[in-house]
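Read off the chains here:
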Amino acid sequence: MKEIVTIYQGRPRPSYFYIIQPVPGLEFFVNQEIRCVHPRTMQETFGTVTEFFWTFDWEEPPRGFLMGIFGVEPALLREVLLATDPGYKDSWARLILIKEK
């Protein structure tokens, strides 16, 4: 049995989170205020759009990045997103970093 390695870093609880949007779709601009509503719990989170975004092709999604954010495989994520928004049928999507207010 291999020894457990210890590192001195904790799980972050940042004031930043990601949203995902189909491309083409809604246009966002830096410092725009937005309200995000969790579809299951209806909990509202208010935030501000940052300058950081990543556009990717569903044919070659950033698997590790998406799993780290959403906790599921990209194919399942896209399937769930398609159930609520047909815009995800297009090849592209965009991750946008939001700063929570």
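As shown above, the structure is provided for reference.
Residues numbered from 1 in each chain as written. Predicted model: local features only at pLDDT ≥ 70, side-chain atom pairs only at ≥ 80, totals over all residues. Heavy atoms only, no water.

Caption draft 1: Geometry of the environment of T45. Position of T45 relative to the elements: it lies in strand 3 (residues 44-57). In this structure T45 touches F17, I34, R35, C36 and E100, once residues within four positions along its chain are discounted. (Helix = DSSP H or I, 4+ residues; strand = E, 2+ residues; numbered from the N terminus. Contact = heavy atoms within 4.5 Å.)

Caption draft 2: A look at the packing of aromatic side chains. Tallied over the entire structure, the rule returns four aromatic pairs. Through successive ring pairs, a cluster of aromatic residues spans Y18, W54 and F65. (Phe/Tyr/Trp six-rings, centres within 6.5 Å; stacked < 30°, edge-to-face > 60°.)

Caption draft 3: Representation of the sheet that holds strand 2 (residues 33-37) within the structure. Taken together, the four strands give an open sheet; going across it, the order is 1-4-3-2, and neighbouring strands pair in antiparallel fashion. Two strands bound the open sheet, and with one partner strand each, they are strand 1 (16-23) and strand 2. The mean angle between the axes of side-by-side strands here comes to 50°, regardless of whether they run parallel or antiparallel. As paired elements, strand 1 and strand 4 (residues 92-100) share eight bridges and run antiparallel to each other. Residue pairing in the sheet places P22 in a bridge with A93 of strand 4. (Pairing = 2+ DSSP bridges. Axes fitted to C-alpha atoms, helices over the stretch in contact; angles between N-to-C directions.)

Caption draft 4: Representation of the side chain of T48 in the model. Within the secondary structure layout, T48 lies in strand 3. Taking the relative accessible area as the measure of exposure, T48 reaches 15% and is therefore buried. (Buried < 20%, exposed > 50% of the residue type's maximum accessible area, 1.4 Å probe, protein only.)

Caption draft 5: Spotlight on a nonpolar patch on the surface. A surface patch of nonpolar side chains, amounting to about 280 Å² of accessible area, comprises F52, W54 and F65. Following the sequence through the fold, F52 ends up in strand 3. Accessibility expressed as a relative area gives 41% for F52, which makes it partly exposed. (Patch = residues over 30% accessible without salt bridge, like charges linked within 9 Å, V, L, I, M, F, W, Y side chains within 5 Å. Areas by Shrake-Rupley, 256 points an atom, 1.4 Å probe, with all protein chains shown as cover. Salt bridge = Lys/Arg side-chain N within 4 Å of Asp/Glu carboxyl O.)

Caption draft 6: Structural detail: the side chain of Q21. As for its position among the elements, Q21 is in strand 1. Ignoring anything within four residues of it in the chain, the contact list for Q21 reads L26, F28, Y88, A93, R94 and I96.

Caption draft 7: Region of the structure containing the environment of G25. Relative to the helices and strands, G25 resides in the loop between strand 1 and strand 2. Classification of G25 as partly exposed rests on a relative accessible area of 40%. Considered as a pair, G25 and R94 are 69 residues apart in the sequence and their alpha carbons are 9.4 Å apart.

Caption draft 8: The pattern of salt bridges, seen in detail. Inspection of every chain in the model, using the stated rule, returns three salt bridges. Of the charged contacts in the structure, one is a salt bridge between K101 and E33, with a shortest N-O distance of 3.0 Å. Of the two residues, K101 is situated in the segment after strand 4 and E33 in strand 2; the sequence distance between them amounts to 68 residues. Take K101: its relative accessible area is 59%, and that puts it in the exposed class. Overall, the relative accessible area of 57% leaves E33 in the exposed class. Two residues, E44 and R35, come together in a salt bridge whose shortest N-O distance is 3.1 Å. Taking the relative accessible area as the measure of exposure, E44 reaches 40% and is therefore partly exposed.

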